[in-house]
Amino acid sequence: EEKIDVLLMSGDLFDQANPSQQAMRQYYMFLKRMIPLNCKVKITGGNHDSAQVLNAPKELLEILDVTIVGGAPESIDELFFTVEKNNQKVVIAAVPYLRDRDIRQALAGETYDDKIAQIRAGLSTYFQQVSHHHKLHFSGTPLVVMAHLFAQGAETTESEREIQIGNQAGIDVNIFGANTSYVALGHIHKPQAVGRENVQYSGSPIPLSFSEKEDAKRVIVLTVENDLFNVQSINIPAFRKLITLKGTLNEALYKLSKHLSTTVLPDLIELQIIE
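Please read all numbers here as calculations on a predicted model, not as lab measurements. (Residues numbered from 1 in each chain as written. Predicted model: local features only at pLDDT ≥ 70, side-chain atom pairs only at ≥ 80, totals over all residues. Heavy atoms only, no water.)

Turning our eyes to something else, we now look at the overall build of the chain. The secondary structure content of the chain amounts to 6 helices and 13 strands. Since a compact globule built from 275 residues should have a radius of gyration of about 19 Å, the 21 Å found for the chain is in line with a globular shape. In terms of principal-axis extent, the alpha carbons of the chain reach across some 70 × 55 × 35 Å. Split into buried and exposed, the 275 residues of the chain put 42% on the buried side. Once local pairs closer than 6 in sequence are excluded, the contacts in the chain between residues at least 24 apart make up 64%. A total of about 15800 Å² of accessible surface is found on the chain, and carbon and sulfur atoms cover 51% of it. Taking the average place of the 26 positive charges on the side chains of the chain and the average place of its 33 negative ones, the gap between the two points comes to 5 Å. (Helix = DSSP H or I, 4+ residues; strand = E, 2+ residues; numbered from the N terminus. Rg over C-alpha atoms; globule rule 2.2 N^0.38 Å. Buried < 20%, exposed > 50% of the residue type's maximum accessible area, 1.4 Å probe, protein only. Contact = heavy atoms within 4.5 Å. Areas by Shrake-Rupley, 256 points an atom, 1.4 Å probe, with all protein chains shown as cover. Lys, Arg positive; Asp, Glu negative; His and termini not counted. Charge placed at Lys NZ, Arg CZ, Asp CG, Glu CD.)

The subject of this paragraph is the pairing of strand β1 (residues 6–10). The pairing of β1 with strand β2 (residues 40–44) spans 5 bridges and is parallel. Bridging from a neighbouring strand, Met9 pairs with Ile43 of β2. Once you follow β1 into helix α1 (residues 21–34) and on to β2, the crossover reads as right-handed. (Pairing = 2+ DSSP bridges. Right-handed = clockwise from strand over helix to strand, strands pointing away.)

Here we come to the sheet that holds strand β6 (residues 143–148). Here 6 strands make up an open sheet; going across it, the order is β4-β5-β6-β7-β9-β8 and the pairing mixed. Two strands in the sheet have a free side with no partner beyond their single neighbour: β4 (80–85) and β8 (192–194). Along the sheet, successive strands turn relative to each other by an average axial angle of 30 degrees, direction set aside. Here β4 pairs with strand β5 (residues 88–94) via 6 bridges, running antiparallel. Bridge assignment links Lys85 to a residue of β5, and that residue is Gln88. Against the sheet, helix α5 (residues 112–138) engages β4, β5 and β6, with an angle of about 50 degrees to β4. (Axes fitted to C-alpha atoms, helices over the stretch in contact; angles between N-to-C directions.)

To continue, consider the sheet that holds β2. Taken in spatial order, the 3 strands line up as β1-β2-β3 in an open sheet, and their pairing is parallel. Unpaired on one side and paired on the other, β1 and β3 (66–69) mark the two borders of the sheet. Within this sheet the neighbouring strands show an average axis-to-axis angle of 10 degrees, counted without direction. Here α1 sits on the sheet and contacts β1, β2 and β3; the angle it forms with β2, its principal contact strand, is near 155 degrees.

A few words now on the packing of aromatic side chains. A complete count under the given rule lists 5 aromatic pairs for this structure. Here the aromatic rings of Phe14 and Tyr27 are separated by 5.3 Å at their centres, their planes lie at 80 degrees, and the arrangement is edge-to-face. On the criterion of sequence distance, the pair formed by Phe14 in the loop between β1 and α1 and Tyr27 in helix α1 is long-range, its members being 13 residues apart. Exposure remark for Phe14: the relative accessible area of 9% places this residue in the buried category. When the centroid spacing of 5.1 Å and the interplanar angle of 40 degrees are considered together, the rings of Tyr27 and Tyr28 count as tilted. Accessibility expressed as a relative area gives 8% for Tyr27, which makes it buried. Every member of this aromatic cluster is reached through a ring pair, and the members are Phe14, Tyr27 and Tyr28. (Phe/Tyr/Trp six-rings, centres within 6.5 Å; stacked < 30°, edge-to-face > 60°.)

Moving on, we come to a nonpolar patch on the surface. Residues Leu249, Leu253, Leu256, Ile269, Leu271 and Ile273 make up a contiguous nonpolar surface patch of about 470 Å² in total accessible area. Among the elements of the structure, α6 (249–258) and β13 (268–273) are those that each provide at least two residues to the nonpolar patch. Within the fold, Leu249 resides in helix α6. (Patch = residues over 30% accessible without salt bridge, like charges linked within 9 Å, V, L, I, M, F, W, Y side chains within 5 Å. Salt bridge = Lys/Arg side-chain N within 4 Å of Asp/Glu carboxyl O.)

Tracing the sequence through the fold places Thr141 in the loop between α5 and β6. Discounting chain neighbours no more than four positions away, the residues touching Thr141 are Lys89, Val90, Val91 and His134.

Glancing now at α1. Between its terminal C-alpha atoms α1 stretches 20 Å, which fits the 20 Å expected from 14 residues at 1.5 Å a residue. Inspection of α1 places Met24, Tyr27, Leu31 and Met34 among the buried residues, and these make up the whole buried set. The arc that holds the buried residues of α1, viewed along the axis, is 80 degrees, so those residues lie on one side. Along α1, exposed side chains directed more than 90 degrees from the buried face belong to Gln21, Gln22, Arg25, Gln26, Lys32 and Arg33. Turning to α1, the residues buried within the fold contact β1, β2, α2 (51–55), α3 (58–62) and β3. (Expected span 1.5 Å × (residues − 1). Arc of directions from axis to C-beta.)

With that settled, the discussion passes to the nonpolar core. One finds Phe127, Leu149, Phe176 and Leu185 to be the most contacted residues of the largest nonpolar core, which totals 40 residues. Excluding its chain neighbours within four sequence positions, the residues that come into contact with Phe127 are Val95, Leu98, Val145, Ala147, Leu149, Ile175 and Phe176. Counting residues in hydrophobic clusters, the runner-up holds 12 residues, among them Phe14, Met24, Met34 and Leu54. (Core = buried A, V, L, I, M, F, W, Y, C linked by side-chain atoms within 4.5 Å.)

Given below as structure tokens:
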């Protein structure tokens, strides 16, 4: 309906490094449904994903206009892709989740504070290199950065796995540079802008814990014209509700007996019994 030209998926395609065959089949069936839409797909790996698992079919998927960056490549220029339509060009820097080995060298005897400082410095240096590469090779073309990390000030839920030393090494959004038009963040499940309107977590498309039951899940649509970005969000329909019922055993049983589902899929109910 929206005539989307490019789909960005910023990491955590799967919940674990070795996904089930059912999960893999769902992933490939989704990509199959994308083919007739003539939409380019850019996918990066997250902290839940295995870079090797995502990269395994990389060359085959490129034939279908699906680009995979499962982990940090050897050369930073492998992160950059150009898309163009109606004389409007955009550069995408598809940065995956950056693991310890990608951004710092472990030293014997280092303290906890040393690790945090090194991770922050390593992330900052990496994105400075991304910004420098853009200025050097794509100057004047709007830049969209995909990233998978914890940004300072982001509101978390109960279902994310902490990254970068328990989120203590969270980054300041200014490390993406002033020349970046938009930052498409992955990792946090709650949809939100961080710091400024052009730095956004789209969030997970479905609630992944009862702490997310009130979140309005969404996808973010970017429209680019004359190098100017318009940011809109579209709510995702809720096909299943997550509901919490509280009370004594008798009260909970009564509430359960009166509960009526209004969604296509059965509700998931969390019972909190007060004794």
